[in-house]
Amino acid sequence: MIPQPKHTTIEDMIAILSGTFLVAQGVYFLQQAGLLTGGTTGLALLVTQFVDLSFGTLYFLFNIPFYIMGWRRFGTQFALRSVFAGGMVSLIVDHISHVFTIGWLSPLYCGLIGGLLMGVGMLMIFRHNASLGGFNVLALICQDKFGIRAGNVQMAIDLGILLASFFFVSPWLLACSVLGAVVLNLVL
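Conventions we followed
- Residues numbered from 1 in each chain as written.
- Predicted model: local features only at pLDDT ≥ 70, side-chain atom pairs only at ≥ 80, totals over all residues.
- Heavy atoms only, no water.
- Helix = DSSP H or I, 4+ residues; strand = E, 2+ residues; numbered from the N terminus.
- Rg over C-alpha atoms; globule rule 2.2 N^0.38 Å.
- Core = buried A, V, L, I, M, F, W, Y, C linked by side-chain atoms within 4.5 Å.
- Buried < 20%, exposed > 50% of the residue type's maximum accessible area, 1.4 Å probe, protein only.
- Contact = heavy atoms within 4.5 Å.
- Axes fitted to C-alpha atoms, helices over the stretch in contact; angles between N-to-C directions.
- Parallel < 35°, antiparallel > 145°, perpendicular 65-115°, else oblique.
- Left-handed = near helix turned anticlockwise from the far one by under 90°.
- Nonpolar A, V, L, I, M, F, W, Y, C, P; charged D, E, K, R; others polar.
- Salt bridge = Lys/Arg side-chain N within 4 Å of Asp/Glu carboxyl O.
- Expected span 1.5 Å × (residues − 1).

Quick word on the overall build of the protein chain
Right, so step 1: The secondary structure content of the protein chain amounts to eight helices and zero strands.
Right, so step 2: Its helices and strands taken in sequence order, the protein chain reads α-α-α-α-α-α-α-α from the N to the C terminus.
Right, so step 3: Over its C-alpha atoms the protein chain spans a radius of gyration of 16 Å, differing by no more than 12% from the 16 Å that the globule rule assigns to 188 residues.
Right, so step 4: Taken along its principal axes, the extent of the C-alpha atoms in the protein chain is 45 × 35 × 30 Å.

Let's talk about the nonpolar core
Right, so step 1: Residues Val23, Val27, Leu35, Phe55, Met122 and Leu132 are the most contacted members of the largest nonpolar core, which totals 51 residues.
Right, so step 2: Top element by residues in this core is helix 1 (residues 9-33). It accounts for eight residues.
Right, so step 3: Leaving out residues up to four positions away in the same chain, Phe55 has contacts with Val27, Gln31, Thr41, Ala44, Leu45, Thr48, Val93 and Asp94.

Here we look at the packing of helix 5 (residues 107-126) against helix 8 (residues 171-187)
Right, so step 1: Where helix 5 meets helix 8, the closest approach of the two axes is 7 Å, and the angle between their N-to-C directions is 25°. Considering their axes alone, helix 5 and helix 8 lie roughly parallel with respect to each other. Once helix 5 is placed against helix 8, the crossing between them reads as right-handed. Contact residues: helix 5 offers Pro107, Leu108, Gly111, Leu112, Gly115, Leu116, Met118, Gly119, Val120, Met122 and Leu123, while helix 8 offers Trp172, Leu173, Cys176, Leu179, Gly180, Val183, Leu184 and Val187.
Right, so step 2: A breakdown of the residues in the contact of helix 5 with helix 8 according to their chemical character gives 15 nonpolar, four polar and no charged.

Quick look at the packing of helix 3 (residues 55-74) against helix 6 (residues 134-146)
Right, so step 1: At a closest axis distance of 8 Å, the pairing of helix 3 and helix 6 adopts a crossing angle of 25°. In this view, helix 3 runs roughly parallel relative to helix 6, as classed from their interaxial angle. Remark: the crossing between helix 3 and helix 6 carries left-handed chirality. Of the residues in helix 6, those touching helix 3 at Asn63, Phe66, Met69, Gly70, Arg73 and Phe74 are Gly134, Phe135, Val137, Leu140, Ile141, Asp144 and Lys145.
Right, so step 2: Of the residues in the contact of helix 3 with helix 6, the class split is seven nonpolar, three polar and three charged.

Thoughts on unusual backbone geometry
Right, so step 1: The phi dihedral of Asn129 is positive, around 60°, even though this residue is not glycine.
Right, so step 2: Assignment of secondary structure puts Asn129 in the loop between helix 5 and helix 6.

A word on the pattern of salt bridges
Right, so step 1: A full pass over the atoms with the stated rule returns two salt bridges.
Right, so step 2: A salt bridge links Asp12 to Arg81, with the nearest nitrogen and oxygen atoms 2.9 Å apart. You can see Asp12 sitting in helix 1 and its partner Arg81 sitting in helix 4 (residues 76-95), a full 69 residues away along the chain.
Right, so step 3: Judged by its relative accessible area of 8%, Asp12 falls in the buried class.
Right, so step 4: Put simply, Arg73 and Asp144 hold a salt bridge, and the shortest N to O gap is 2.5 Å. Taken together, the residues Arg73 in helix 3 and Asp144 in helix 6 connect sequence positions 71 residues apart.
Right, so step 5: Arg73 gets classed as partly exposed once you look at its relative accessible area, which sits at 35%.

As for helix 1
Right, so step 1: Taking 1.5 Å per residue as the helical rise, helix 1 with its 25 residues ought to reach 36 Å, and the 36 Å between its terminal C-alpha atoms agrees with that figure.
Right, so step 2: Directly beyond the C-terminal end of helix 1, a positive phi value near 75° is found at Gly34.

Written as structure tokens, this is what we have:
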């Protein structure tokens, strides 16, 4: 096996910024169609319907325990990059409507494109020694410790959260949400 060259810090930051932009775009598509997803993203999207806090604020707050978990398991550099990535997703999603709006798109399309964009963005972030916090840190720990693919762990958690959302969204929106979560996790 040929050893992989280490990325420079600049290359890592460019990839992390690119990944956060893709994830934020994906979240925005889900948000605009009233869809949900799993993980802390799904929890933040769901809770925004009941409290007067923005997605970004809730998302960042929900991720704090996972940033600490990532710091303990993967070190300071991983944790700092993860806080940066999660903070950027929070900021971009909360402010993207100032530069980009969606009049109407099919929820089915939003589920597909949202899941795809989030999956590709998360993969970029993971490959550059960072995460977005949340349950994907737990998924990476399970992969590291037990050899269980991170995508499989994330899929199980995401489907659990989506099933718990059954009482808050229509069956059609839930089906589109599940499709988006499946696409996201297939990419991972």
